[in-house]
Amino acid sequence: MSIASSSHATVRAVLGSLFHTPEYGSFELLERALLELDDAGFIERVTLPGDAGYDERVAAARAADELDPGSLLELTDGRYGLPGFVDLHVHAPQWPQAGVALDEPLDVWLDQRTFPLEARFSDPFFAHGVSLDLAETFLSRGTTTALYFGSAHLEGSWELARACTEAGQRAVVGKVVMDDPAANHDFYRDASPEQALADTEEFLGRVAGLDRELRAGDPRFAGVYAAVTPRFIPSCTDEVLSGLGKMAAEHGAYIQSHCNEGEWEHGVAPERYGVSDARALADFGLLGPRSVMAHCTYMDEADTELFRETGTAVAHCPISNAYFANSACPVRRMREHGVKIGLGTDVSGGFSPSLYDNIRQAVMASRMLEDGVDALVPIERRGAGRPSRISVAEALYLATKGGAEALSLPVGSFEVGRAFDMQVVDVRRPYADLTGFDVFTEPGDVLARILYLATPDNIRQVWVQGRQVIDRG
Ligand SMILES: [Zn+2]
């Protein structure tokens, strides 16, 4: 893997065959499309063969490329562009733990492995190294935007924000708040509610400053944003929860947390407040159009309506759910109700840094939810009792435009006005050939094979807002 240097020519136009999902439920193949980009790396025109002026525009882009080599990116045969993915839920400090101890129950997993590991983010050098490796790994898997939990440390989370900008990944980053001494280890928590709020305020200011500075120096800088990040209700005091809600409103900041995750977690709020986890978060001012809540597997009708009404988005983490949620997320029910949903890896409750793996699991989990899994239960009572399955194209939407909607960012498809975030998939790699002997060549079949079978080796180039960040030839 190599991170391309900024010495590359500025790409002004892209010519190639591109898959995307502008609408939920279907996909489009833009064959031999010409995208023209503005100075800031946004798509300003899409021209297709047969459109007026197509031949002239392609000729002009080629002529410009003669003068300024690299200004036209032309995808050769066997290569397809897909929108960069948006990962809505990641714990950056847990990256070294991916795949570790997943046979343990959640409390053992957290207490013996996760919290001691996250505590190591007190060392800025360690924090920076882990964060940079994770951001680069994500980019190499096609993930161009990510919403991250940092650690409970101000400096460690700051290193994460800086590392994402160095890797060239668009990022929304939060300093985690977990201040309740009764619920957290002394070796890893905020010193007090006051300190947690002060550190969060400082973090919001620093990240906004970093974004301003980098944006001023590079029109194609993809952006770094801060999120107010209470870990979840069980680890926070009421004082900090209401303080964070107010602070997010004052700054117009993103908010992220966990909601209605598993049997234990979703039971805490009813015991403490007499209302659901979702209702309690809303009462603290933590649900709204800038909020993304991870998991949301235990969503009754009232919770679902609350999410729709407040514009709160769900980060669906299907691999993690199989380990820690004790249930499958009702994606289809929530989508039909008008709730915004995208996908998250939940590194490292989810072991994989790839949204391809999560697209696959999202489809499989939805089918298991619909049909049920225990053959000893009669079939009519085995499943969820309502249509629950989603298609692989719908899962692609979740990984791209669904994530874009959740974060209100103009990314996730090849439409005019969106940032040019693209992964180039080569279907003809040795040992990872996706052509299938050219037996099934309909666009839907080609896309399905890419989504189900692509490996990291198939992803040859990645672009974030018109800047190349991965170049494997
Ligand atoms: Zn999580």
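Residues numbered from 1 in each chain as written. Predicted model: local features only at pLDDT ≥ 70, side-chain atom pairs only at ≥ 80, totals over all residues. Heavy atoms only, no water.

Another aspect to go through is the domain arrangement of the chain. Considered domain by domain, the chain is made up of domain 1 (13-83 + 415-471) and domain 2 (85-407). Put simply, the middle of domain 1 and the middle of domain 2, counted by C-alpha atoms, are 30 Å apart. Each partner contributes to the interface: domain 1 provides 35 residues, whereas domain 2 provides 31 residues. Here domain 1 and domain 2 share an interface that buries about 2900 Å² over both sides, 58% of which is from carbon and sulfur atoms. By the criterion of area lost to domain 2, the three top residues of domain 1 are Tyr24, Leu451 and Tyr452, representing 27% of everything that side buries. (Domains from an automatic or database assignment. Contact = heavy atoms within 4.5 Å. Buried area = accessible area lost by both parts, 1.4 Å probe.)

Moving on, we get to the environment of Trp109. With respect to the helices, strands and loops of the structure, Trp109 is situated in helix α2 (residues 106-119). Exposure remark for Trp109: the relative accessible area of 3% places this residue in the buried category. Dropping the residues within four chain positions of it, Trp109 is found in contact with Gln94, Gln97, Val100, Ala101, Leu102, Glu104, Thr114, Phe324, Ser348 and Gly349. (Helix = DSSP H or I, 4+ residues; strand = E, 2+ residues; numbered from the N terminus. Buried < 20%, exposed > 50% of the residue type's maximum accessible area, 1.4 Å probe, protein only.)

Running from N to C, helix α12 (residues 355-371) and helix α14 (residues 392-407) point in directions that differ by 135 degrees, and their axes come no closer than 9 Å. By the angle between their directions, the pair α12 and α14 is classed as oblique. In terms of crossing hand, the pair formed by α12 and α14 is right-handed. Residues Leu355, Ile359 and Val363 of α12 lie in contact with α14, whose contacting residues are Val392, Ala395, Leu396 and Ala399. (Axes fitted to C-alpha atoms, helices over the stretch in contact; angles between N-to-C directions. Parallel < 35°, antiparallel > 145°, perpendicular 65-115°, else oblique. Left-handed = near helix turned anticlockwise from the far one by under 90°.)

Our next topic: the side chain of Ser366. Within the fold, Ser366 resides in helix α12. Those residues in contact with Ser366 that sit more than four places away from it in its chain are Ser388, Arg389 and Ile390.

Attention now moves to the nonpolar core. Within the largest apolar cluster, 94 residues are counted, with the highest numbers of intra-cluster contacts made by Tyr148, Phe307, Tyr356, Ile359 and Ile450. Broken down by element, this core gets its largest block of residues, seven residues, from helix α3 (residues 124-140). Each of domain 1 (13-83 + 415-471) and domain 2 (85-407) contributes no fewer than three residues to this core. Apart from residues no more than four positions distant in its own chain, Ile450 is found in contact with Phe19, Tyr80, Leu82, Tyr356, Arg360, Val425, Val427 and Leu434. Counting residues in each nonpolar core, the second largest holds 16 residues, with Val86, Ala227, Tyr254 and Ala404 among its members. (Core = buried A, V, L, I, M, F, W, Y, C linked by side-chain atoms within 4.5 Å.)

Below, the discussion takes up the packing of aromatic side chains. One pass over the structure, following the stated rule, counts 14 aromatic pairs. A ring pair is formed by Tyr323 and Phe324, whose centres lie 6.4 Å apart and whose planes are at 50 degrees; its orientation type is tilted. Classification of Tyr323 as partly exposed rests on a relative accessible area of 37%. When its relative accessible area of 8% is taken as the criterion, Phe324 is described as buried. By way of ring pairs, the aromatic residues Trp109, Tyr323, Phe324 and Phe351 are connected into one cluster. Across the ring face of Phe126, the terminal group of Arg120 is positioned such that the distance to the ring centre comes to 4.1 Å. Its guanidinium or amino end placed over the ring of Tyr254, Arg290 lies 4.0 Å from that ring's centre, counting from NZ or CZ. (Phe/Tyr/Trp six-rings, centres within 6.5 Å; stacked < 30°, edge-to-face > 60°. Lys NZ or Arg CZ within 6 Å of the ring centre and 35° of its normal.)

What follows concerns unusual backbone geometry. Among all residues save glycine, negative phi is the norm, and among peptide bonds the norm is trans. A cis amide bond links Val347 with the next residue in sequence, Ser348, at an omega value of 5 degrees. Topologically, Ser348 is positioned in the loop between β13 (340-343) and α12. Here the phi dihedral of Ser408 falls at roughly 50 degrees; this positive angle occurs in a residue that is not glycine. Structurally, Ser408 is set in the loop between α14 and β14 (422-426).

What follows concerns the sheet that holds strand β8 (residues 170-177). If you trace the eight strands from one edge of the open sheet to the other, you get β6-β7-β8-β9-β10-β11-β12-β13, paired in parallel fashion. Only two strands of the sheet have a single partner each, and these edge strands are β6 (85-91) and β13. For this sheet, the mean inter-axis angle between neighbouring strands, taken without regard to orientation, is 25 degrees. Here strand β10 (residues 254-259) runs beside strand β11 (residues 291-295); their pairing, made up of five bridges, is parallel. Considered in β11, the bridge of Gln256 is made with Val292. (Pairing = 2+ DSSP bridges.)

The next subject is the packing of α3 against helix α4 (residues 154-167). In the contact formed by α3 and α4, the axes pass within 8 Å of each other and the chain directions differ by 40 degrees. As for how α3 packs across α4, the hand of that crossing is right-handed. Residues Pro124, Ala127, His128, Ser131, Leu132, Ala135, Glu136 and Leu139 of α3 lie in contact with α4, whose contacting residues are Gly156, Glu159, Leu160, Arg162, Ala163, Cys164, Glu166 and Ala167. Split by residue class, the contact of α3 with α4 holds nine nonpolar, three polar and four charged. (Nonpolar A, V, L, I, M, F, W, Y, C, P; charged D, E, K, R; others polar.)

A few words now on the environment of Val416. Here Val416 is to be found in the loop between α14 and β14. With a relative accessible area of 53%, Val416 lands in the exposed category. Among residues more than four places away in sequence, those in contact with Val416 are Ile43, Glu44, Arg45 and Val46.

Another aspect to go through is the pairing of strand β2 (residues 28-37). The sheet contact formed by strand β1 (residues 13-20) and β2 spans seven bridges and is antiparallel. Bridging from a neighbouring strand, Leu15 pairs with Leu34 of β2. As judged from the four bridges shared by β2 and strand β3 (residues 43-47), these two strands associate in the antiparallel manner. In the strand pairing of β3, Leu35 is matched with Val46. Between β2 and β3, which follow one another and run antiparallel, lie five residues, and Gly41 among them has a positive phi close to 85 degrees.

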